[in-house]
Structure formats: structure tokens, C-alpha cells
Amino acid sequence: MNSSSIVVLIVVIILIAAAVGSFFLIRAKRRKEMARIDALSPVEREHHDALVEHEAAVKGAEKSHQSEVKARESRMKAAEKALSKAQQIGTTKLAGYRGKDGFINLTGTTIQTAQGTWNLDPSVNAVVDTAGNLATSSRSTFTRVAAGGLLFGPVGAIVGGVAKKGKIHDTRELYLMVEGPDFAGVVTCNPDDGAKVRQFAVAVKQAALNAGNIAGQREHAVAQTFAALDAEKSNLGALTQAAAALEAARNNTGRIDSANRAIEAGRVVLSAPTEGE
């Protein structure tokens, strides 16, 4: 047996000895307490039993109260979690595209760019095309939005560049344009991203058409879960009853008081002078 094994064996023996010693010590204390109780007078035994009964009742009521507190906390957390989940409906990122000079992210209800976030509705559109085609087909859109909305990306470069005579444009260069009632913008696409960006544009159109349904689902879910949370905040019946039961258990000292009076009466009798003194 090596030194490590010997050390382990010694530690195990010490732990076993400590456990055995504790067992016998507790057992001896218990026997001593039982002997003390057996030696009590009837009135003292009644007082002891009354104290034990009261302590057990209070502990039971405390346990029930604490259990109800934890149950209500659990219900509140579940209701708050459900409300938070309802508020997140339609906010998860569905798709995104990052080009040479910007990014556009799509959720179930919004379009997100570095310049801002806009709500989706059926009027929101996404187009993938060359600079020349966009400048021709979307010039009115850019002009309208510039008057009261927000333009982002190389909009001016596209419109102005195409207007210059003799300027040669790379026919492979594509742009992603997104437009809505109060915004319009362009992101320059990487040359090899044609299929990817067109797929993203389709996703934008589909999400725009369905955004109203998603927003309605969120509104309905939020209303329901908020009402459930509000109801749970007011649901104090069981907790109030448990608190009242605990208070009643603590105040229920009738048997102890009666035993105390009996002990006090016995002391008075013992201290009273006997006949002939």
C-alpha cells in the first residue's frame, strides 16, 4: 500500500469515527432529554406538551405560507415571461443582407438599417436591379421621399451618375432598393450576390404582406398575457389565507397559557404557610 492509499484510508477512518461519535452523542442527548421529560410533574408535562404542540403548529403554518409565497412567485414569473414572449412576436430576424455600403435586416414587422427602423406594411417593396434601371424606374420615389422622408445609401450617386452622358456603368453591378411610404434606400450588392439578394427581396415582399397579421397576433397575445399578469398580481387569496393561518397559529397559545397558570397556581400552594406555622 503506497503513501497516498494510507492517507486516504486514514481520512476515511477519521470520517467514520466522527460519524459514529456524532450518532452516539445525539442518541445520548436524546435519552437525557427523554429522561428529563419523564421526570416532569403532570402540570410541567402539560406545559411541555403545549409548547411542543404550539411549535409544531407554527412550523407547519410557516411551511404552508412559504410554499404559497414560492408558488405565487413562480406564477408571477411565468406570467411575466409569457408577456415578454408575446411582446417579442414579429421581432425575430427573418433575413438580412449586407452589401458594400450598408445592410438591411428583416423581421416579421420591420425593416432595419443603420439609418433607422421602419414598420412593414403592404406598400413596402424591395427591388434588385442595375443602377440605370433603378434611376429610371425609381426617380419619382426618391424625389417623393426626399421631400419628407429619409433616403439612405448611394441614391444620389445612382440618379446623378446615370444622368451623366457618356458614363459607362458596370452591367454586373446590382443594387438592392427598399422603399416605403416614408423611406427609400439603396445598398450596393456584391457582384456575386445576385441570387442571394433577389431571394432577400422576395422575403421582404412576403413579410410586408404578412406584417399586419403578425402585428395583430402580437397585439392580441400582449393583451391576453398582460391581463393574465394583472390578474395574478391581484390573486392574493391563497397567500392571504396562508398568512392569516400563520398568524393564528402564532397567537394560539391558549393551552400554553393554561399550563402556565396551573404551574403558577402550584407554586402559590407550595409557598403558602401550612397550618400551625
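Scroll up to find the structure.
Figured I'd write up the structure that's included with this text. (Residues numbered from 1 in each chain as written. Predicted model: local features only at pLDDT ≥ 70, side-chain atom pairs only at ≥ 80, totals over all residues. Heavy atoms only, no water.)

1. A look at the overall build of the protein chain
Each helix and strand in the protein chain was counted, giving seven helices and eight strands. For the protein chain, with 277 residues in total, the buried portion stands at 29%. Sequence-distant contacts, at least 24 apart, represent 71% of the contacts inside the protein chain between residues at least 6 apart. Surface accessibility of the protein chain: about 17800 Å² in total, with carbon and sulfur atoms responsible for 57%. (Helix = DSSP H or I, 4+ residues; strand = E, 2+ residues; numbered from the N terminus. Buried < 20%, exposed > 50% of the residue type's maximum accessible area, 1.4 Å probe, protein only. Contact = heavy atoms within 4.5 Å. Areas by Shrake-Rupley, 256 points an atom, 1.4 Å probe, with all protein chains shown as cover.)

2. A word on a nonpolar patch on the surface
A cluster of nonpolar side chains, contributed by Val8, Val12, Ile16, Val20, Phe23 and Phe24, occupies part of the molecular surface with about 550 Å² of accessible area. Topologically, Phe24 is positioned in helix H1 (residues 3-38). Looking at Phe24, the relative accessible area reads 48%, which means it is partly exposed. (Patch = residues over 30% accessible without salt bridge, like charges linked within 9 Å, V, L, I, M, F, W, Y side chains within 5 Å. Salt bridge = Lys/Arg side-chain N within 4 Å of Asp/Glu carboxyl O.)

3. With respect to the sheet that holds strand E3 (residues 110-113)
Taken in spatial order, the four strands of this open sheet run E1-E2-E3-E4, and their pairing is antiparallel. In this open sheet, the two strands that pair with only one neighbour each are strand E1 (93-98) and strand E4 (116-119). Averaged over all pairs of adjacent strands, the angle between strand axes in this sheet comes to 15 degrees, irrespective of strand direction. In this sheet, E3 lies alongside strand E2 (residues 103-107) in antiparallel orientation, the contact comprising two bridges. Of the residues in E3, the one forming a bridge with Asn105 is Gln112. Running at roughly 40 degrees to E2, helix H5 (residues 194-234) makes contact with E1, E2 and E3 of the sheet. (Pairing = 2+ DSSP bridges. Axes fitted to C-alpha atoms, helices over the stretch in contact; angles between N-to-C directions.)

4. Regarding the pattern of salt bridges
This structure, assessed with the given rule, holds eight salt bridges. We note a salt bridge from Arg255 to Glu46, for which the minimum N-O separation is 2.7 Å. Residue Arg255 is found in helix H7 (residues 254-271), and its partner Glu46 is found in helix H2 (residues 42-87); the two are separated by 209 residues along the sequence. Judged by relative accessible area, which is 30%, Glu46 ranks as partly exposed. One salt bridge connects Arg75 with Glu68, and the closest N-O pair in it is separated by 3.3 Å.

5. Things to note about the environment of Leu176
Locating Leu176 in the fold gives a position in strand E7 (residues 174-180). Sequence separation between Leu176 and Tyr97 is 79 residues; the distance between their C-alpha atoms is 9.2 Å. Residues within four places of Leu176 in sequence aside, it is in contact with Tyr97, Ile104, Ala126, Val127, Val128, Gly185, Val186, Val187, Cys189, Val197, Phe200 and Ala201.

6. A closer look at H5
With 41 residues, H5 extends 57 Å from end C-alpha to end C-alpha; this agrees with the ideal 60 Å at 1.5 Å per step. The largest bend in H5 amounts to roughly 50 degrees and is located at Asn210. (Expected span 1.5 Å × (residues − 1). Bend = angle between axes of the 7 residues up to and from the residue.)

7. Quick notes on the nonpolar core
Inside soluble globular proteins, nonpolar side chains tend to come together where they are buried. Within the largest apolar cluster, 23 residues are counted, with the highest numbers of intra-cluster contacts made by Ile104, Ile111, Leu120 and Leu176. Of all elements in the fold, only E2, strand E5 (125-130), E7, strand E8 (183-188) and H5 reach the threshold of two or more residues within this core. In terms of residue count, H5 provides more of this core than any other element does, seven residues in total. Beyond its immediate chain neighbours, meaning those up to four positions away, Leu120 contacts Leu106, Thr107, Gly108, Thr109, Thr110, Ile111, Ala207, Ala208 and Ala211. (Core = buried A, V, L, I, M, F, W, Y, C linked by side-chain atoms within 4.5 Å.)

8. A short note on the pairing of E2
Most of E2 is tucked away: four of the five residues are buried. Here E1 pairs with E2 via five bridges, running antiparallel. The partner of Ala95 across the bridge, within E2, is Leu106.

9. Details of the sheet that holds E7
Hydrogen bonding along the main chain pairs the strands of a sheet, whether they run parallel or antiparallel. Reading across the sheet, the four strands line up as E5-E7-E8-E6 and stay open at both edges, with mixed pairing between neighbours. Lying at the two open borders of the sheet, with one neighbouring strand each, are E5 and strand E6 (150-152). Strand after strand, the sheet turns through a mean of 15 degrees between neighbouring axes, direction not considered. For E5 and E7, the ladder comprises six bridges, and the chain directions are antiparallel. The residue of E7 that forms the bridge with Val127 is Met177.

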